[in-house]
Each structure stands twice: as structure tokens, then as C-alpha cells.
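# A look at the structure
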Amino acid sequence: MKNTFGSAVSLTIFGESHGPAVGAVLDGLAAGLPVDEDYIALRMDRRRARGDGLSTARVEPDTVEILSGVRDGHTTGTPVTLVIRNTNTRSGDYAKTADLLRPGHADYTAYAKYEGFQDARGGGHFSGRITAASVAAGAICEKILEDKGIRCYTHIARCAGIDDAPLSSAAGQFPRDPAPGHFALLDPGREPAMMSAIRAAGAEGDSVGGILETIITGVPAGVGEPFFDSVESELAHLAFSVPAVKGIEFGLGFGLADLRGSAANDPFVMRDGKVATATNKNGGVNGGIANGMPIVFRTVVKPTASIYKEQDTVDYVTKTNARLQIKGRHDPCIVARAAVVQNTLAAFGILDLLTVRFGTLGQRK
């Protein structure tokens, strides 16, 4: 099982949904970088459930403990180890249906790979609970980038079929972070309709999905590698590490398929003495390398696999067809909570690419 990612900066995640804790190890940071625990706590608060009918009833404080690599509010240059304790597990919810494969989950593939030795409680290491660890580590990376003038922002472009305002409508203004308990939206007026649609699906024992859109500004031209370590390769790899993400596109993405080259290209222009592009249909990347324009990508987040409707499945022990109606506590929609996960992982990816290009000195202001 591969749980470490990154080249110059590496991120390792560990833990299980119903184990004592989940956590992360962040290595490759320069010494002397500020670590703002309040900033981390704000990011953790955006990911945590609130038991409000929009997310799981498994509510936990998600307090981050820093075990190593930080002293007096600054990195020491050694690995930063972060732990988030699991304080509200109910493994008994899964006992009665332990032999039934949950449609849309990793139950069968985990069994096929680990031959029954995996921790299946609450999804074990495959659970979205593990994203708490990546948010904690990614928040440190996001703050380092922010101090350098590089900003990452992810909003809910669509949820339950309801669209947010288009990103272009916020041109010239970087979107604000959402208030605690609210969705990351360019138009907060779309939030009530989204919330109503999520609650309606949950009331029927069902779930909904959506689209997340991320914009990263301030990345200098020349960051990234051609082919295997391209900006798109690294960000896509991290995006698909978020449970339920099933697709990604950069810039205009699949919309480019219907254009001619004359319409798909971004013409170069001089702007304030710097090379820029008149449009950004390629999402700030050419040849796998950042061109200095905003990096923009979107992901598709499928409806939460855990639904309360009865479904067809298989009992993998008796090898017979069966019916399953799951118990436990589950999100009717994970899109809103996944936004900060995507954002912080994207920040980690950009910091890794910057460090490959400029070394650890490139992590400083």
C-alpha cells in the first residue's frame, strides 16, 4: 500500500476510520517557516461534520496535535508529524452487514487485494475520514504559499444540479473563504437551494454529488515538468486521492474537443511588462509547465456511495447474492466538505513543484 506522495516535499498519511487516530507526516519543509495552528484549525473546521442534515452525524472536534517538526511556532526542518484523534466511532453499526459488499465502496477491491486482513470498520484506510490528515498537512502548505503571494481557492461549481456563479464573474477579485458552517460559493445566494436539495436526497435515503473548481493564482511561469511530473499530472494525482472524485479537467477541459485550434489557443500578450495570455482556456499550463496565468481545474465528485436505500449486493463469505440496507452515519453529500480537501491537497502539490524548481529557499517569502 502506497501512502506517501511528493518529490521534494513528501506527504505520508496513516490511520483508519475507526482506529485510535488518523495522521500525516510532512517532510521536506525548510527550517524556520511559520506554522499557524489557528489557520490549520480553520481549515479543519471547514472539513468537519456538523450533524446538520447536510453531512454525517459523526461529529468530532478534529483537533490537530503536532508531535514533531515544529517548535515555537516554526518548522525545525525535520518531519512534521500531525495526529487527529478519532473520538466518535461506532464500529457496531457495521457488524451486522460486515459480509455484505457495499455498492460503490472499496469493500470488494480491498478484500481482493488484502485477502481479508484489511480493517473494514467504517471503510478503514479507504474512508473519507483519512482526508482529515491531508487537510491538516495541506493547510501548512497553503499558509506557506499564501505568505509568498500564491493563493488557492476551491468553490462548489455545482451541487445536486444547482450551479454556482461562474468563476469568470469574480474576475479581478479573489474569492473570500466561506464563513464557518457555510458552503464555499462565489454566489452565497445559491446556498439555500443546494442545502435544500441535499436534505431532500438525505430524507429519501439517497445522496447527491457535484463539481468542485479550484483556482491557483501567483504561481510563477516555469514551474512543473514536461510529461510525467507536469503540473496537471501532480494535481490530478492528488485530486484522485480524494475519495469519490471520478473526473478532472483543466481550463476549458473537455470543452476544447468542440473547438478549432484558432479558438482553443490562448494568444500571448504583454501586460504590465510581463508575458501573459489574453484568455486562459488551457488553465494556466502549457507543455505541463505553469505559464504564469491562474491554474484552473475542476473535478467531478460522485454521489456519496453510502445510501440508506436497499440495494443489490453479494455476500462475499457465502458467495451468494444478497440485499443490503446499510446502517451507521453517512453524508448525503460530501461535495461541501471535499472542497477544502481538494484545496489543501492542491496547495501541497504546488509547494512540491515549487520546491523542485527552486529548492527549499523557494518556500520562503
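Everything below is about the structure shown above.
The structure contained in this document is the topic of the report that follows. (Residues numbered from 1 in each chain as written. Predicted model: local features only at pLDDT ≥ 70, side-chain atom pairs only at ≥ 80, totals over all residues. Heavy atoms only, no water.)

### Remarks on the packing of aromatic side chains
Inspection of the entire model under this criterion finds four aromatic pairs. Judged by centre distance (5.5 Å) and plane angle (40 degrees), the ring pair of Phe250 and Phe297 falls under tilted. With a gap of 47 residues between them, Phe250 in strand 11 (residues 245-250) and Phe297 in strand 16 (residues 295-301) connect regions that are remote in the sequence. The class for Phe250 is buried, based on a relative accessible area of 14%. (Phe/Tyr/Trp six-rings, centres within 6.5 Å; stacked < 30°, edge-to-face > 60°. Helix = DSSP H or I, 4+ residues; strand = E, 2+ residues; numbered from the N terminus. Buried < 20%, exposed > 50% of the residue type's maximum accessible area, 1.4 Å probe, protein only.)

### Some points on empty space enclosed by the protein
This structure, assessed with the given rule, holds three cavities of 30 Å³ or more. Reported here for the largest cavity is a volume of approximately 250 Å³. Looking at the lining of the largest cavity, the elements that each hand over two or more residues are helix 1 (37-47) and helix 7 (335-358). The element that contributes the greatest number of residues to the lining of the largest cavity is helix 7, accounting for four residues. Of the residues in the lining of the largest cavity, the class split is twelve nonpolar, three polar and six charged. (1 Å grid on protein atoms, 1.4 Å probe; cavity = no way out; pocket = protein on both sides within 12 Å on 5 of 7 lines; lining within 4 Å. Points joined across faces, edges and corners; volume = space filled by probe spheres on them. Nonpolar A, V, L, I, M, F, W, Y, C, P; charged D, E, K, R; others polar.)

### Remarks on the sheet that holds strand 7 (residues 80-85)
If you trace the five strands from one edge of the open sheet to the other, you get 1-2-3-7-4, paired in antiparallel fashion. The open sheet has two edge strands, strand 1 (4-5) and strand 4 (64-68), and neither has a second partner. As paired elements, strand 4 and strand 7 share four bridges and run antiparallel to each other. When the sheet's bridge partners are listed, Glu65 is paired in strand 7 with Val83. (Pairing = 2+ DSSP bridges.)

### Description of the pairing of strand 3 (residues 21-27)
For strand 3, the tally of buried residues reaches five of seven residues, placing the bulk of the element in the interior. With six bridges joining them, strand 2 (residues 10-15) and strand 3 adopt antiparallel strand pairing. Residue pairing for strand 3: Thr12 is matched across the bridge by Val25. A loop of five residues connects strand 2 with strand 3, the two strands running antiparallel in sequence. Pairing between strand 3 and strand 7: six bridges, direction antiparallel. For Ala24, the partnering residue across the bridge sits in strand 7 and is Leu82.

### So, the state of the cysteines
As enumerated under the stated definition, the model contains zero disulfides in all. Of all cysteine sulfurs in the structure, the one in Cys141 sits closest to Cys152, which takes part in no disulfide; the separation is 9.8 Å. Assessed through its relative accessible area of 3%, Cys152 is described here as buried. Looking at the unpaired Cys159, the closest cysteine sulfur is the one in Cys333, lying at 3.7 Å. On the accessibility criterion, Cys159 (1% relative accessible area) is buried. (Disulfide = S-S within 2.5 Å.)

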